[in-house]
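Each chain, letter by letter, is given below.
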Amino acid sequence: MLKMNTVKKTFALVITGIMLASLAGCSFNLSSLGSSKAAAPAEDSTPIHGSPKIAEESISLPCTVRDLKNTGFETDYIVEDGSVKFWHTTEELRGNNLNMYVYPDEGYGYKDKDLISDSDTIVAIKVTSFDHIDFDFNGIRIWMDKEDFLNIAGTPAYERSVMLKGDYYFYLGDNDQVYRFQFLATDKLEEFLVGTKDYMIDEKGQPYTG
């Protein structure tokens with residue numbers, strides 16, 4: 001009985017806090033907790049045009065594994081955590097082990113240790129600060145300051161903050177591509193993900209933060 005009374009008091013305090021925040025003009029939106037309304041991109045968002053360059057190769061999605069190999073990338077074909085490592089032959093010749101992470105269409109149903117094939121469709125590619133493969137997108141580079149990044153990229157279509165993951169900025173691009181830039185507590189660009197709109201935006205219009 002004592003435990004039930006404690007739960008009731010806690011719930012009452014939460015509701016009271018929400019009501020006080022509302023009266024104070026705070027922007028807490030109770031309906032957003034359970035809303036299924038589709039999210040829309042910011043009206044003043046700035047699309048990013050052109051194609052990102054990884055290892056100095058222009059990347060456009062969707063493409064196939066064979067398309068990437070034809071531009072100088074190689075792979076071990078092994079699926080791990082949903083992605084496959086790719087590296088560029090020019091870096092390999094220099095003795096560098098620099099990777100990007102390629103995501104095949106989820107419709108293939110691959111599991112860890114499965115092997116992809118050259119004809120498979122690629123729907124997303126990720127570059128991180130840990131792998132140091134060369135990345136340039138209209139002057140945007142890995143480990144760039146957030147302020148400098150926003151000066152180049154402009155207003156994002158979506159912004160999301162995720163606990164322990166940091167801040168995500170999403171931009172719409174040419175040919176239904178979506179770009180995601182991740183900043184952690186350092187306020188440095190630590191990760192870049194490009195994907196098709198179907199991969200990056202779910203049926204409710206929510207951008208992918210996984």
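Criteria and cut-off values
- Residues numbered from 1 in each chain as written.
- Predicted model: local features only at pLDDT ≥ 70, side-chain atom pairs only at ≥ 80, totals over all residues.
- Heavy atoms only, no water.
- Salt bridge = Lys/Arg side-chain N within 4 Å of Asp/Glu carboxyl O.
- Helix = DSSP H or I, 4+ residues; strand = E, 2+ residues; numbered from the N terminus.
- Buried < 20%, exposed > 50% of the residue type's maximum accessible area, 1.4 Å probe, protein only.
- Contact = heavy atoms within 4.5 Å.
- Arc of directions from axis to C-beta.
- pLDDT = per-residue confidence, 0-100.

### What about the pattern of salt bridges?
Reasoning step 1: The tally for this structure, following the rule as stated, stands at 7 salt bridges.
Reasoning step 2: For Asp-118, the salt bridge identified is with Lys-69, shortest N-O distance 4.0 Å. Of this pair, Asp-118 sits in the loop between β6 (100–104) and β7 (121–128) while Lys-69 sits in helix α2 (residues 65–70); the two residues are 49 residues apart in sequence, bridging distant segments of the chain.
Reasoning step 3: Assessed through its relative accessible area of 24%, Asp-118 is described here as partly exposed.
Reasoning step 4: Residue classification places Lys-69 among the partly exposed positions, given a relative accessible area of 26%.
Reasoning step 5: Each of the salt bridges in this network shares a partner with another, and the network as a whole consists of Asp-134, Asp-136 and Arg-141.

### Here we look at unusual backbone geometry
Reasoning step 1: Pro-62 follows Leu-61 through a cis peptide bond whose omega is 0 degrees.
Reasoning step 2: Considering the arrangement of structural elements, one finds Pro-62 in the loop between β2 (57–58) and β3 (63–64).
Reasoning step 3: Residue Ala-55 is not a glycine yet carries a positive backbone phi of 55 degrees.
Reasoning step 4: With respect to the element layout, Ala-55 can be found in the loop between β1 (53–54) and β2.

### Some thoughts on the environment of Asp-105
Reasoning step 1: By secondary structure assignment, the location of Asp-105 is in the loop between β6 and β7.
Reasoning step 2: With relative accessibility at 33%, the residue Asp-105 sits in the partly exposed group.
Reasoning step 3: Through-space distance from the C-alpha of Asp-105 to that of Ala-124 is 8.3 Å; in sequence the pair is 19 residues apart.
Reasoning step 4: If we skip the residues at most four places from it in the chain, Asp-105 touches Thr-121 and Val-123.

### Digging into helix α4 (residues 146–153)
Reasoning step 1: Taken residue by residue, α4 has Lys-146, Phe-149 and Ala-153 as its buried positions. Each buried residue of α4 sits inside an arc of 60 degrees when the element is viewed along its axis, so together they form one side. Looking at α4, the residues exposed on the side facing more than 90 degrees away from the buried face are Glu-147 and Asn-151.
Reasoning step 2: Packed against the buried residues of α4 are β10 (166–172) and β11 (177–183).
Reasoning step 3: Once α4 finishes, Gly-154 follows within two positions and takes phi at roughly 80 degrees, a positive value.

### Topic: the confidence of the model for the chain
Reasoning step 1: The share of residues in the chain with pLDDT of 70 or more is 79%, and the mean pLDDT across the chain is 84.
Reasoning step 2: Low pLDDT (under 50) marks residues 1–36, which in the prediction has 5 contacts with non-local residues, meaning those over four places away or in another chain.

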